[in-house]
Amino acid sequence: MGCQMNRLDSELVISRLRAAGHEMTDDRKSADVVLFNTCSVRRHAEQKVYSRLGAEGQRKQHNRRLIVGVLGCMAQREGEQLLRNHPQVNIVCSPGQLARLAELIEHVAGTGGAVLALDPDRRARGGGAEEEADRDEFDALDLSRDPSQSPSVAQAFVRVARGCDKFCSYCIVPFVRGPEVSREPSRIVQEVLRLVEAGRTEVTLLGQTVNSYRWCDGGRTVGFAGLLEQVAAVGGLRRLRFVTSHPLDFGNDVLHAMRDLPNVCPYIHCPAQSGSDAVLRRMNRKYTRAQYDDLVDRARGTVPDVVLAGDFIVGFPGESEEDHAASADLIRRSGYKNSFIFKYSPRPGTAAARMRDDVPTEVKRWRNNDLLAVQAEVGLAHHRSYIGRTVEVLVEGPSPRAAKQPTPAPPGQTQMLGRTRGDHIVVFDGEPNLAGHYVDVRIADASALTLMGSINLDVS
Ligand code: SF4
């Protein structure tokens, strides 16, 4: 569940468990071990986990040997309480302890008991040797990666940093994922190299605030622009992406790297969260609306064909009609390809949870729908501007909606889905074996979220 960081953690855990002799099954009922990699960012995500834990509790009544594990952010947030309140749970394992999972499963299988593997409070620890040990512990999971195990034939995520030091007032991440720790550039480059050797051609660099990446070693400092330069130099890497960026750390050096390095994709996912200075202040986002507007202008002025995506929270404590209108205005001004829009829900332990959650549920719902409608209008205009153009598409596989296609695909073909360098979703008819290849697609139509076209026959 949750963000791309969790998707990567799940992939790495699966790879490690396979190496330890476990097998994956699609049929949960036949599993001996059920692991939930959880997210604490929204209440809804946690409620989903509790309901699934309830179902596993039922199964456990008939199969005492079943092992149930809760991994990730909820494990760190709730810790021992999870074991106390949910006796069906055997393993509680925080994000920084996932490299130990095979050993924890073995322990529980041998003893029939329960184990708790939580991250230490890294903010309370000193620097020097302790910091070094933290880096190595964090890196253990990534370094053990088997590149042949990544689920996509052409795409892979690579972590560049863990944790976050921004402390946005609504967010639980700095508490559950700990302080920001950047990985050594040479280890990142090595990992990308191994992925490219295993056939991956598109890599997405991941960090909670990826562009605040900073590695200091003696007198040498590598910032995010420098890291992009080092990774982009890996031969055979055709596309390099990164998510998620923080507006405050988006310097011109990163924009210049995006402009000058041909394999860095012109796509920026840069959450604004609100268009109002008053709300941004209460959110502790540390930038103003004018600074965000300036970033959009600098990006458009520097990176040709840059594509922007945003995130918004509606109904934050104290959000007025004027504040809401400012968010709608920001969506229009920024011309986002798409935005992720969420209704605010307080997360225990955060600064915002101590504010009065004073925007009524129905108002939150209305504002959510209103921003979605504004984004749909802006997204449609953005996507329609591609009609008539030919775009390079990395084919991901058959479209999940192929069966609902109004006109059936020609014999031997199906509706395929891929992405442009600007992260647009493109659907077109093609052969299923195109997955992992790059094709040129001429765009004939567009919706608010998708480009539709037909393939040019040259396949590279
Ligand atoms: S930048 Fe803010 S919203 Fe993003 S992970 Fe850090 S604290 Fe959370």
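A quick note: this is a predicted structure, and the numbers were derived from the prediction, not measured.

Caption draft 1: Just the overall build of the protein chain, in detail. For the protein chain, the count of helices and strands is 14 helices and 19 strands. Dimensions of the protein chain, computed from C-alpha atoms along their principal axes, come out at roughly 65 × 55 × 55 Å. Counting over 460 residues, the protein chain shows a buried share of 42%. Once local pairs closer than 6 in sequence are excluded, the contacts in the protein chain between residues at least 24 apart make up 72%.

Caption draft 2: Expanded view of the site of the ligand. By nearness alone, every residue bordering the ligand is listed as Cys164, Lys166, Phe167, Cys168, Cys171, Val173, Pro174, Gln208, Thr209 and His246. Here the shell around the ligand is composed, by residue class, of six nonpolar, three polar and one charged.

Caption draft 3: Geometry of the domain arrangement of the protein chain. Per the domain assignment, the segments making up the protein chain are domain 1 (4–119), domain 2 (124–384) and domain 3 (390–459). Once you take the C-alpha centre of each, domain 1 and domain 3 turn out to be 37 Å apart.

Caption draft 4: Looking closely at the nonpolar core. Of all hydrophobic cores here, the largest spans 95 residues; its most connected members are Val70, Cys93, Val158, Val160, Leu206 and Val210. Per-element accounting of this core gives the leading share, six residues, to strand 13 (residues 307–314). Two domains share this core, each providing at least three of its residues, namely domain 1 (4–119) and domain 2 (124–384). Excluding its chain neighbours within four sequence positions, the residues that come into contact with valine 158 are Ile188, Glu191, Val192, Val203, Leu205 and Leu206. With 16 residues, the next largest nonpolar core counts Val426, Val439, Ile443 and Ala446 among its residues.

Caption draft 5: Molecular detail of the environment of asparagine 456. Structurally, asparagine 456 is set in strand 19 (residues 450–459). Contacts of asparagine 456, omitting those with residues within four sequence positions, involve Thr390, Val439, Asp440, Val441 and Arg442.

Caption draft 6: Region of interest: the sheet that holds strand 14 (residues 338–343). Taken in spatial order, the three strands of this open sheet run 12-13-14, and their pairing is parallel. Of all strands in the sheet, those with a lone pairing partner are strand 12 (267–269) and strand 14, marking the two edges. Each strand axis lies, on average, 10 degrees off the axis of its neighbour in the sheet, ignoring direction. Here strand 13 runs beside strand 14; their pairing, made up of six bridges, is parallel. Considered in strand 14, the bridge of aspartate 311 is made with phenylalanine 340. Helix-sheet contacts for helix 13 (residues 321–334) involve strand 13 and strand 14, and the interaxial angle to strand 13 is about 170 degrees.

Caption draft 7: View of the pairing of strand 13. Taking burial as the measure, the eight residues of strand 13 include seven buried ones, the bulk of the element. The sheet contact formed by strand 12 and strand 13 spans three bridges and is parallel. From the neighbouring strand, isoleucine 268 faces strand 13, where its bridge partner is leucine 308. On the question of chirality, the crossover connecting strand 13 to the parallel strand 14 by way of helix 13 is right-handed.

Caption draft 8: The arrangement of the environment of leucine 451 in detail. Tracing the chain through its elements places leucine 451 in strand 19. Taking the number of C-beta atoms within 10 Å as the measure of exposure, leucine 451 has 25 and is therefore buried. Counting along the chain gives 68 residues from leucine 451 to histidine 383, while the straight-line C-alpha distance between them is 6.5 Å. Among all residues touching leucine 451, those that are not within four sequence positions of it are His383, Tyr386, His424, Ile425, Val426, Ile443 and Ala446.

Caption draft 9: Spotlight on the environment of valine 70. Inspection of the secondary structure assignment puts valine 70 in strand 2 (residues 67–72). For the pair formed by valine 70 and cysteine 168, sequence separation is 98 residues and the distance between their alpha carbons is 26 Å. Here valine 70 is in contact with Phe36, Thr38, Val49, Ala75, Leu82, Val89 and Val92, once residues within four sequence places are set aside.

Caption draft 10: Region of the structure containing the sheet that holds strand 2. Strand order in the open sheet formed by four strands is 1-2-3-4, and the pairing between neighbours is parallel. Here the strands that pair on one side only, and so sit at the sheet edges, are strand 1 (33–38) and strand 4 (115–117). Between one strand axis and the next, the sheet turns through 10 degrees on average, direction left out of account. In this structure, strand 3 (residues 91–93) lies alongside strand 4, joined through three bridges in parallel fashion. By the bridge assignment for strand 4, isoleucine 91 is matched with valine 115.

Caption draft 11: Representation of unusual backbone geometry in the model. Cis peptide bonds are those with omega within 30 degrees of zero, and the linkage from valine 243 to threonine 244 qualifies with -10 degrees. Topologically, threonine 244 is positioned in the loop between strand 11 (239–243) and helix 10 (252–260). Of note, the phi angle at lysine 286 is positive, near 70 degrees, even though the residue is not glycine. Within the secondary structure, lysine 286 sits in the loop between helix 11 (277–282) and helix 12 (289–302).

Caption draft 12: Structural view of the packing of helix 10 against helix 12. Two elements in contact, helix 10 and helix 12, have axes whose closest approach is 9 Å; the angle formed by their N-to-C orientations is 30 degrees. The angle between the axes of helix 10 and helix 12 places the two elements in the roughly parallel class. Two packed elements cross with a definite hand, and for helix 10 against helix 12 that hand is right-handed. In this structure, helix 10 uses Asn252, Leu255, His256 and Arg259 to contact helix 12, whose residues at the interface are Arg298, Ala299 and Thr302. Looking at the contact of helix 10 with helix 12, its residues break down into two nonpolar, three polar and two charged.

Caption draft 13: Focus on helix 9 (residues 224–232). Looking at helix 9, one finds that the buried residues are Phe224, Leu227, Leu228 and Val231. The buried residues of helix 9 all sit within an arc of 105 degrees when viewed along its axis, so they share a single face.

Caption draft 14: Focus on helix 1 (residues 4–19). The terminal C-alpha atoms of helix 1 lie 23 Å apart, and with 16 residues this matches the ideal 22 Å at 1.5 Å per residue to within 8%. Taken as a whole, helix 1 has its buried residues at Met5, Leu8, Asp9, Leu12, Val13 and Arg16. Seen from one end, helix 1 has its buried residues packed into an arc of 135 degrees, which puts them on one side. In the segment just after helix 1, glycine 21 is the residue with positive phi, at about 105 degrees.

Parameters and conventions
Residues numbered from 1 in each chain as written. Predicted model: local features only at pLDDT ≥ 70, side-chain atom pairs only at ≥ 80, totals over all residues. Helix = DSSP H or I, 4+ residues; strand = E, 2+ residues; numbered from the N terminus. Buried ≥ 20, exposed ≤ 12 C-beta atoms within 10 Å, placed from the backbone. Contact = placed C-beta atoms within 7 Å. Near = placed C-beta within 6 Å. Nonpolar A, V, L, I, M, F, W, Y, C, P; charged D, E, K, R; others polar. Domains from an automatic or database assignment. Core = buried A, V, L, I, M, F, W, Y, C linked by C-beta atoms within 7 Å. Pairing = 2+ DSSP bridges. Axes fitted to C-alpha atoms, helices over the stretch in contact; angles between N-to-C directions. Right-handed = clockwise from strand over helix to strand, strands pointing away. Parallel < 35°, antiparallel > 145°, perpendicular 65-115°, else oblique. Left-handed = near helix turned anticlockwise from the far one by under 90°. Arc of directions from axis to C-beta. Expected span 1.5 Å × (residues − 1).

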